[in-house]
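Fold and geometry: a report
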Amino acid sequence: MQFRQQALAKLQSPEELDLPVRFARPQGWLVLSVTVVVLAAASVWAVTGSVTSTVSAPAVLTHGEGSYILQSPAAGQVTAVLAKEGERLPADSPVLRVRTAEGDAVVRTVAAGRITALAATIGQIIATGANVAAVEKVADADDPLYATVYVPAENAASIPEDAAVDLTVQTVPSQEYGVLRGHVKSVDRTAQSAQQIAAFLGDSQLGGQFTKEGRPVAVLVRLDRSAATKSGYKWSSADGPPFALTSMTMATGSIRLTDQRPVDWLLP
C-alpha cells in the first residue's frame, strides 16, 4: 500500500517528468572505459604477443672437442708415471710405463691434450683396458672454452639456433659477478647414454650424474667473448670475476626456448 501511495504522489507532480535521467555516474563510465581498454589490449596481445620460456639443466665448461679416457693396452705393474696432472702433451706422448710378462710397455696419449686426471700410481697392478688417465683434447692454451648443457630430451626440439644462454658458474658467486653469457652453437638431437657422456667428458661419475633423470641431449654453447673482463668472456656484470675460467668447471645453464603464442587459434 505504501508503494502505491508513492506512485500516486509521483503522478500528481507531472512537472518532474521532464527531468533528465542519470543512467550511470561519471565514476562508472571511467571504470567501464578502463575495462574496455584492458580487454582490447589483452586481445591484441593474445594475437600478436608471445610467451618466453626457459629450460635449466646442468652444464660443464669444456673445450670444444671434449676429453677422452686413456686406457692401458697391457696388464702389469706400473713402474713409472711419466706425465703430470695439468700437463699439456702432444699425441703419442708417454704417460705410464708398465712392466708386463713380455717386458716393459708404455701407455701413450691417443691425441694431443691436457692431462686432467691420473688414476695410476707407481707400484699399482693394472689390468688390460684399465682407465689410467683422463685427457682433455686441447692443443693450445688459447683454445676457447665452451659449455655443454645436458637438457632433458623432450626440450631439445624447442631450442632454436643461436638461442641465448645464461650460465651460473659453480665457482663464481653469481650475487657478485652475475652469470656467464653465451649462445647455442649446436644441439645434438640424439639422447646420450652415461657411457657416451663419460667418454666425452673423461669422467664416469658425471656420466651417471647427468643420466639420473633419463638420457639427456647435449647442447653445445659458444661463450660470448669480451676483452674487458679478466676471464675473457662476457658476464651480466660489467667486469665479471677477477680470475680466469678453467675447463671441467660445473655450471647450470638456462636456455631460452622458442617463443610460444599465448593463444592457439583453431581454424575450421
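Fair warning: this is a prediction, and the values are worked out from it, not measured in the lab. (Residues numbered from 1 in each chain as written. Predicted model: local features only at pLDDT ≥ 70, side-chain atom pairs only at ≥ 80, totals over all residues. Heavy atoms only, no water.)

1. Some details on a negative patch on the surface
Note the threshold: The residues that make up patches have over 30% relative accessible area and no salt bridge, and they are joined within 9 Å when like-charged or within 5 Å when they are Val, Leu, Ile, Met, Phe, Trp or Tyr. Per-residue accessibility takes into account occlusion by the displayed protein chains alone, with areas from the Shrake-Rupley method and a 1.4 Å probe. Salt bridges are defined as contacts in which a side-chain nitrogen from Lys or Arg sits within 4 Å of a carboxyl oxygen from Asp or Glu. In this tally, Lys and Arg are treated as positive and Asp and Glu as negative; His is ignored, and so are the chain termini. Throughout, a charge is located at the NZ atom of Lys, the CZ atom of Arg, the CG atom of Asp or the CD atom of Glu. Helix and strand assignments follow DSSP, with helices taken as H or I runs no shorter than four residues and strands as E runs no shorter than two, numbered in order from the N terminus. Here the term buried applies to any residue with accessible area under 20% of the maximum for its type, exposed to any over 50%, and partly exposed to those in between, with areas from a 1.4 Å probe on protein chains only.
Together, E65, D140, D142 and D143 give the surface a local cluster of negative charge. Residue position: D140 is located in the loop between β9 (131-136) and β10 (145-152). Take D140: its relative accessible area is 38%, and that puts it in the partly exposed class.

2. Observations concerning the sheet that holds β10
Let me state the cut-off plainly: Here a strand pair is declared whenever DSSP counts at least two bridges between the two strands. Fitting a line to C-alpha atoms yields each axis, with helices limited to the stretch in contact; the angle taken between N-to-C directions then spans 0 to 180 degrees. Only heavy atoms matter for contacts: two residues are in contact if any of them lie within 4.5 Å across the pair.
Strand order around the closed barrel formed by 6 strands is β1-β10-β13-β12-β11-β14, with antiparallel pairing between neighbours. Geometrically, the sheet is characterised by an average inter-axis angle of 40° between neighbouring strands, direction not taken into account. Bridge analysis of strand β12 (residues 180-187) against strand β13 (residues 216-223) gives 5 bridges, and the strand direction is antiparallel. Within β13, the position partnered with S186 by the bridge is L220. On top of the sheet, helix α4 (residues 194-201) reaches β1 (54-63), β10 and β13; it is set at about 170° to β10, its chief contact.

3. Quick word on the pattern of salt bridges
Per the stated rule, a full pass over the model turns up 3 salt bridges. Residues D162 and R222 are paired through a salt bridge, measuring 3.1 Å at the closest nitrogen-oxygen approach. On the criterion of sequence distance, the pair formed by D162 in the loop between β10 and β11 (164-169) and R222 in strand β13 is long-range, its members being 60 residues apart. On the basis of relative accessible area, D162 is assigned to the partly exposed category, the value being 40%. A residue is classified by how much of its surface remains accessible, and R222, at 33% relative accessible area, is partly exposed.

4. Things to note about the pairing of strand β5 (residues 94-100)
When strand β3 (residues 76-81) meets β5, the two strands line up antiparallel, connected through 4 bridges. By the bridge assignment for β5, V81 is matched with L96. Counted along the chain from β5 to the antiparallel partner strand β6 (residues 103-108), the turn is 2 residues long.

5. Digging into the packing of aromatic side chains
This is how it is decided: Pairing of aromatic rings covers Phe, Tyr and Trp, the last through its six-membered ring, and needs centres within 6.5 Å; plane angles under 30 degrees mean stacked, over 60 mean edge-to-face, and all others mean tilted.
One pass over the structure, following the stated rule, counts 1 aromatic pair. Where Y150 meets F210, the ring centres are 5.0 Å apart and the plane angle is 25°; that geometry is what we call stacked. With Y150 in strand β10 and F210 in the loop between α5 (204-209) and β13, this pair connects stretches of sequence that are 60 residues apart. Per residue, the accessibility class of Y150 equals that of F210, and both read buried.

6. Description of the environment of S186
Following the sequence through the fold, S186 ends up in strand β12. Once the C-alpha coordinates of S186 and T148 are considered, the two residues, 38 residues apart in sequence, prove to be 9.9 Å apart. Once you skip the residues sitting within four places of it in the chain, S186 turns out to touch A218, V219 and L220.

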